[in-house]
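Now for the letters of each chain:
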Amino acid sequence: MASTREITFVQALNEALDYAMSVDKRVIIMGEDVGIYGGVFGVTMGLYDKYGPERVRDTPIAESGFIGAAVGAAMMGLKPVVELMFIDFLGVAFDQIYNQAAKLRYMTGGKVKVPMVLRTVCGAGIQAAAQHSQSLHALFIHVPGLKVVIPSTPYDAKGLLLTAILDEEDPVVFIEHKMLYGIRGPVPEEPYKIPFGVADVKREGKDVTVIATAWMVHRALEAADKLAGEGISVEVIDPRTLVPLDVDTILNSIKKTGRLVVVDEGYPRASFATDIAALAVSKAFEYLKAPVKLVTPPATPVPFSEVLEREWIPSTEKIMKAIRDVYYYKRP
Amino acid sequence: MAQREELSKDKLMWMYETMVKIRLHENKAAELFAQGKIKGFVHLYVGEEAVATGVMAALKPGDVITGTHRSHGHYIAKGGDLKASFAELFGKRTGSNKGKGGSMHIADPGIGMLGANGMVGGGIPHAVGAALAFKLLGKDNVAVAFFGEGGSNQQNFHEAINLAAIWKLPVVFVCENNLYQISLHYSKQQLITSVAERGKAYGIPGVSVDGQDVLAVYEAAREAVERARRGEGPTLIEAKTYRFRGHFEGDPEVYRSKEEVEWWINNKDPIKLFEKYLLERNIATRDELDAVWKRVAKEIEDAVKFAEESPYPSPEELYEDVFAKPTNGVLVWRWD
């Protein structure tokens, strides 16, 4: 069966791009080294040969210029998929994303649409150090007008990217964790779409709810497996899209378990983790049996040395400890 | 005044009327701002009317422009509605942007005005993207990016112009060099004496024109637009101009002398210069020109009345236009 076939996260993304380009001529790809080279992580491999240099455009290293051009192209009827090679490079182009793409629709009273997808790469784990390893999704969540997607499996990656390109009429920031590129999983050969705003319960449980994103979903699942042996039943939820957010699935799980741990690779303050904690205490306070625990990196830049980087990234052990803490919590 | 092409009287009178429209729109906006009826930041285009008018005279329907925070003139010259403009300045629901944009963001994609922009240089790459869309969708339209000499130091200017150049896109870059980046004189912003020289760095033509001469601007724009439509790529035009009013309404203007401003008003008023041209060549009579002012003044009066009588948006409209369509999950956060 085609649907039991296993491919990598990179291949899943590539299939989505290929399919979207084949069914909609307005879809174009722009970015640094996305053409002949196929993208530094190989996501656009083969598309240049198939669709040509007009639709798969290599750009100069000028992020503000080409992301801004994508904004203009989207306004005029194209559906650009732009690659920002590392999310850390956001700073040199942020105006075009948060002041332009995000706001043009609102500022014009709805007369302008900006249906573009900004694909970018986040995450620590390959010793790329402080300027190539960050998880800055909170910056996008903060700004009204942007939709923010962060998949954790090849299956989700393909379905969400197809929705982002083919169905969305708003600017979408699509964030890929570099530690996920090589993972394999079942992905149907045929195209399919995953709607935004629908969380996926990656594992059902009754004692503790864990909300996790991207690579942290896998660590949370590993923690849940190990804790099952200790008699703790952990539910792991991957929101998949951070904007829009599937508030109902998250709140229903908290109401069921009464305990919440949020695991995210973003910096700790003013983050996705604090956002979910605020959601829990403002909308499900009376259900909580323990304080909410957040598992995030410390408020330091990402270090280079392997030993330090390993310490920086939330580990399965730290996640297990947080789950035990909320599970065994006793009100004083 | 420069003229190489014989223009029809209709076209010349359209240029004249457009400049008068911008002038009277801006004078009225100044008055309403002083009365406290228009709030926020208002950057007026008085003195620069020939630039927008000359460029727009070279465009055809379907061509698009992106603006600056001083874009009322661009909007009007592109065919913008005076009623929608004043209503927007008042923050009314009937405004061009439903009261959500205001002076700095005035837009109407229906007429090809993709937007004024509050970020200096912010709209330049949008014109490049629009031109890319024209190219890939097989349309023979052109996109024009307006910006100031201050904007020409911005990353967006350099990156966008380079992209348009390497991709040979149908874009015209129009730098309105009005000598001041808020308070900083041009000579303190860059060492080169003409922004047009920057074209050389990107392998494209750079042309400098008298921005007070509407026919000179038109001629430069026409050549650039034709070149773009032929698929030969972008041109950088620098229109040397001057703003007669401060950077924004309420600007104390400590950075320039009254004498300097008066010299420009007395010697380089684009409307007076064009009037002289039309009269000396017997293209129009004094009466015809006076009739234009009278007609436009009435239009402005009607537009202001419309704006004043229009309703404000309802508070619920705050939540509209953030996203294109409803979706699963929570989009606009509400803590209640």
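We now turn to the structure provided with this report. If you're wondering where the values come from, they're calculated on a predicted model, not measured in any experiment.

### Observations concerning the overall build of chain A
Then comes step 1: The helix and strand tally for chain A stands at 12 helices and 14 strands.
Then comes step 2: Considered along the principal axes of its C-alpha atoms, chain A spans approximately 65 × 45 × 40 Å.
Then comes step 3: Relative to its full complement of 332 residues, chain A shows a buried share of 63%.
Then comes step 4: At a minimum sequence separation of 6, the contacts of chain A that also span at least 24 residues come to 83%.
Then comes step 5: Surface accessibility of chain A: about 11900 Å² in total, with carbon and sulfur atoms responsible for 55%.

### Topic: the packing of aromatic side chains
Then comes step 1: Per the counting criterion, the structure on display carries 17 aromatic pairs over all chains.
Then comes step 2: Summarising the aromatic geometry, the rings of Phe 41 of chain A and Phe 86 of chain A are spaced 5.7 Å apart at their centres and angled 70 degrees between planes, so their arrangement reads as edge-to-face. A residue pair is termed long-range when its members are at least 10 positions apart, and Phe 41 of chain A in the loop between strand 2 (27-31) and helix 2 (47-55) and Phe 86 of chain A in the loop between strand 4 (79-84) and helix 4 (94-101) qualify at 45 residues.
Then comes step 3: Assessed through its relative accessible area of 25%, Phe 41 of chain A is described here as partly exposed.
Then comes step 4: Taking relative accessible area as the criterion, Phe 86 of chain A reaches 11% and is therefore assigned buried.
Then comes step 5: A connected cluster of aromatic rings, assembled from ring pairs, spans Phe 9, Phe 41, Phe 86, Phe 89 and Tyr 181 of chain A.
Then comes step 6: Cation over ring: Arg 219 of chain A sits above Trp 215 of chain A, and NZ or CZ is 4.4 Å from the ring centre.
Then comes step 7: Here the basic side chain of Lys 83 of chain B rests over the ring of Phe 306 of chain B, its NZ or CZ set 5.9 Å away from the ring centre.

### A short note on a nonpolar patch on the surface
Residue and element names in this part refer to chain B.
Then comes step 1: On the surface, Leu 318, Tyr 319 and Val 332 cluster together into a nonpolar patch covering about 270 Å² of accessible area.
Then comes step 2: Along the chain, Tyr 319 turns up in the segment after helix 11 (286-309).
Then comes step 3: Given a relative accessible area of 39%, Tyr 319 falls into the partly exposed group.

### Some details on the nonpolar core
Then comes step 1: With 152 residues, the main nonpolar core has Phe 140, Val 210 and Ile 323 of chain A together with Phe 173 of chain B as its most contacted residues.
Then comes step 2: If sequence neighbours within four positions are ignored, Ile 323 of chain A has contacts with Val 208, Val 210, Ala 223, Leu 227, Ile 232, Val 234 and Val 261 of chain A.
Then comes step 3: Counting 74 residues, the second-largest nonpolar core is a separate cluster that includes Tyr 16, Tyr 75, Met 113 and Val 304 of chain B.

### Brief notes about the sheet that holds strand 7 (residues 172-177) of chain A
Residue and element names in this part refer to chain A.
Then comes step 1: Spatially, the 7 strands line up as an open sheet ordered 3-2-4-5-7-6-12, and their pairing is mixed. Looking at strand neighbours, the two that pair on one side only are strand 3 (56-58) and strand 12 (241-243), the edges of this open sheet. Taken over all neighbouring pairs, the strand axes of this sheet differ in orientation by 20 degrees on average, direction set aside.
Then comes step 2: Where strand 4 meets strand 5 (residues 117-122), 4 bridges bridge the pair, whose relative direction is parallel. The residue bridging Glu 83 from the neighbouring strand is Arg 119, located in strand 5.

### A look at the packing of helix 1 (residues 9-23) of chain A against helix 2 of chain A
Residue and element names in this part refer to chain A.
Then comes step 1: Packing of helix 1 against helix 2 brings their axes to within 11 Å, and their N-to-C directions diverge by 55 degrees. As summarised for this structure, helix 1 and helix 2 are arranged oblique, according to the angle between their axes. For the pair helix 1 and helix 2, the sense of crossing is left-handed. Facing Asn 14, Leu 17, Asp 18, Met 21 and Ser 22 of helix 1, the residues of helix 2 in contact are Leu 47, Lys 50, Tyr 51 and Arg 55.
Then comes step 2: For the contact of helix 1 with helix 2, the per-class residue count stands at 4 nonpolar, 2 polar and 3 charged.

### Some words on the sheet that holds strand 13 (residues 260-263) of chain A
All names here are of chain A.
Then comes step 1: What the 5 strands build is an open sheet, ordered 9-11-10-13-14; its pairing is mixed. Each of the sheet's edge strands pairs with one partner strand only, and the pair in question is strand 9 (200-203) and strand 14 (293-295). Averaged over all adjacent pairs, the angle separating strand axes in this sheet is 25 degrees, with direction ignored.
Then comes step 2: Pairing of strand 10 (residues 208-212) with strand 11 (residues 234-238), which is carried by 4 bridges, proceeds in the parallel orientation. Pairing of Val 210 across the sheet is with Val 236, part of strand 11.
Then comes step 3: The sheet contacts of helix 9 (residues 247-257) involve strand 9, strand 10, strand 11 and strand 13, and relative to strand 10 the element is tilted by about 155 degrees.
Then comes step 4: Each of strand 10, strand 13 and strand 14 touches helix 10 (residues 272-283); the most contacted strand, strand 13, lies at about 160 degrees to it.

### Comments concerning the interface of chain A and chain B
How big an interface is tends to be reported as the loss of accessible area on association of its parts.
Then comes step 1: Contacts between chain A and chain B engage 56 residues on the former and 50 residues on the latter.
Then comes step 2: Together, the buried faces of chain A and chain B total about 4200 Å²; carbon and sulfur atoms form 62% of this surface.
Then comes step 3: Broken down residue by residue, the surface that chain A buries against chain B is led by Met 76, Tyr 106 and Met 107 of chain A, which jointly contribute 17%.
Then comes step 4: Linking chain A with chain B are 1 salt bridge, by the criterion used here.
Then comes step 5: Counting across the chain A and chain B interface gives 18 residue pairs in polar contact (both at pLDDT 80 or more).
Then comes step 6: Contributing elements (two or more residues each) for the side of chain A that touches chain B: strand 2, strand 3, helix 3 (63-75), helix 4, helix 5 (104-107) and helix 10 of chain A.

### Quick word on the pattern of salt bridges
Then comes step 1: Following the criterion strictly, the structure yields 49 salt bridges over all chains and no others.
Then comes step 2: For Asp 140 of chain B, the salt bridge identified is with Lys 60 of chain B, shortest N-O distance 2.9 Å. Taken together, the residues Asp 140 of chain B in the loop between helix 5 (124-136) and strand 2 (143-148) and Lys 60 of chain B in the loop between helix 2 (49-56) and strand 1 (64-66) connect sequence positions 80 residues apart.
Then comes step 3: Overall, Lys 60 of chain B belongs to the partly exposed group, its relative accessible area being 31%.
Then comes step 4: In this structure, a network of salt bridges that share partners links the residues Asp 156, Asp 200, Lys 202, Asp 238 and Arg 240 of chain A.

### Description of helix 8 (residues 214-229) of chain B
Since one α-helical turn is 3.6 residues long, residues separated by three or four positions face the same way.
All names here are of chain B.
Then comes step 1: Over its 16 residues, helix 8 extends 22 Å from the first C-alpha to the last, a length consistent with the 22 Å expected when each residue adds 1.5 Å.
Then comes step 2: The buried fraction of helix 8 amounts to 13 of the 16 residues, a majority that puts the element mostly inside the structure.
Then comes step 3: Taking the backbone nitrogen of Leu 215 as reference, a side-chain oxygen 3.0 Å away marks Asp 213 as the first, capping residue of helix 8.
Then comes step 4: With its phi angle positive at about 85 degrees, Gly 231 sits one or two positions after the end of helix 8.

### Concerning the side chain of His 72 of chain B
Residue and element names in this part refer to chain B.
Then comes step 1: Within the secondary structure layout, His 72 lies in helix 3 (residues 72-77).
Then comes step 2: Polar side-chain contacts of His 72 include one of 2.8 Å to the side chain of Glu 26.
Then comes step 3: Contact partners of His 72, with chain neighbours within four places excluded, come to His 25, Glu 26, Val 42, His 43, Leu 44, Leu 89 and Ser 103.

### Observations regarding the environment of Asn 162 of chain B
Then comes step 1: Take Asn 162 of chain B: it is sitting in helix 6 (residues 155-166).
Then comes step 2: Setting aside its immediate chain neighbours within four residues, Asn 162 of chain B contacts Pro 60 of chain A together with Tyr 202 of chain B.

### Notes on the pairing of strand 3 (residues 171-177) of chain B
Residues and elements named next belong to chain B.
Then comes step 1: Of all 7 residues making up strand 3, 7 are buried, and the element is well covered by its neighbours.
Then comes step 2: Here strand 3 shows no split at all, with Val 171, Phe 173, Cys 175 and Asn 177 on one side and Val 172, Val 174 and Glu 176 on the other all buried.
Then comes step 3: Looking at chain direction, strand 2 and strand 3 are connected through 6 bridges and run parallel. Across the sheet, residue Phe 147 finds its bridge partner in strand 3, namely Cys 175.
Then comes step 4: Read from strand 2 through helix 6 to strand 3, the crossover connection turns out right-handed.
Then comes step 5: Strand direction decides the pairing type here: strand 3 and strand 7 (residues 235-240), joined by 6 bridges, are parallel. Among the inter-strand pairings, Val 172 is bridged to a residue of strand 7, identified as Thr 235.

Cut-offs and rules
Residues numbered from 1 in each chain as written. Chains lettered and ligands numbered in written order. Predicted model: local features only at pLDDT ≥ 70, side-chain atom pairs only at ≥ 80, totals over all residues. Heavy atoms only, no water. Helix = DSSP H or I, 4+ residues; strand = E, 2+ residues; numbered from the N terminus. Buried < 20%, exposed > 50% of the residue type's maximum accessible area, 1.4 Å probe, protein only. Contact = heavy atoms within 4.5 Å. Areas by Shrake-Rupley, 256 points an atom, 1.4 Å probe, with all protein chains shown as cover. Phe/Tyr/Trp six-rings, centres within 6.5 Å; stacked < 30°, edge-to-face > 60°. Lys NZ or Arg CZ within 6 Å of the ring centre and 35° of its normal. Patch = residues over 30% accessible without salt bridge, like charges linked within 9 Å, V, L, I, M, F, W, Y side chains within 5 Å. Salt bridge = Lys/Arg side-chain N within 4 Å of Asp/Glu carboxyl O. Core = buried A, V, L, I, M, F, W, Y, C linked by side-chain atoms within 4.5 Å. Pairing = 2+ DSSP bridges. Axes fitted to C-alpha atoms, helices over the stretch in contact; angles between N-to-C directions. Parallel < 35°, antiparallel > 145°, perpendicular 65-115°, else oblique. Left-handed = near helix turned anticlockwise from the far one by under 90°. Nonpolar A, V, L, I, M, F, W, Y, C, P; charged D, E, K, R; others polar. Buried area = accessible area lost by both parts, 1.4 Å probe. Polar contact = N/O pair within 3.5 Å; in protein donor to acceptor, adjacent residues only side chain to side chain. Expected span 1.5 Å × (residues − 1). Right-handed = clockwise from strand over helix to strand, strands pointing away.

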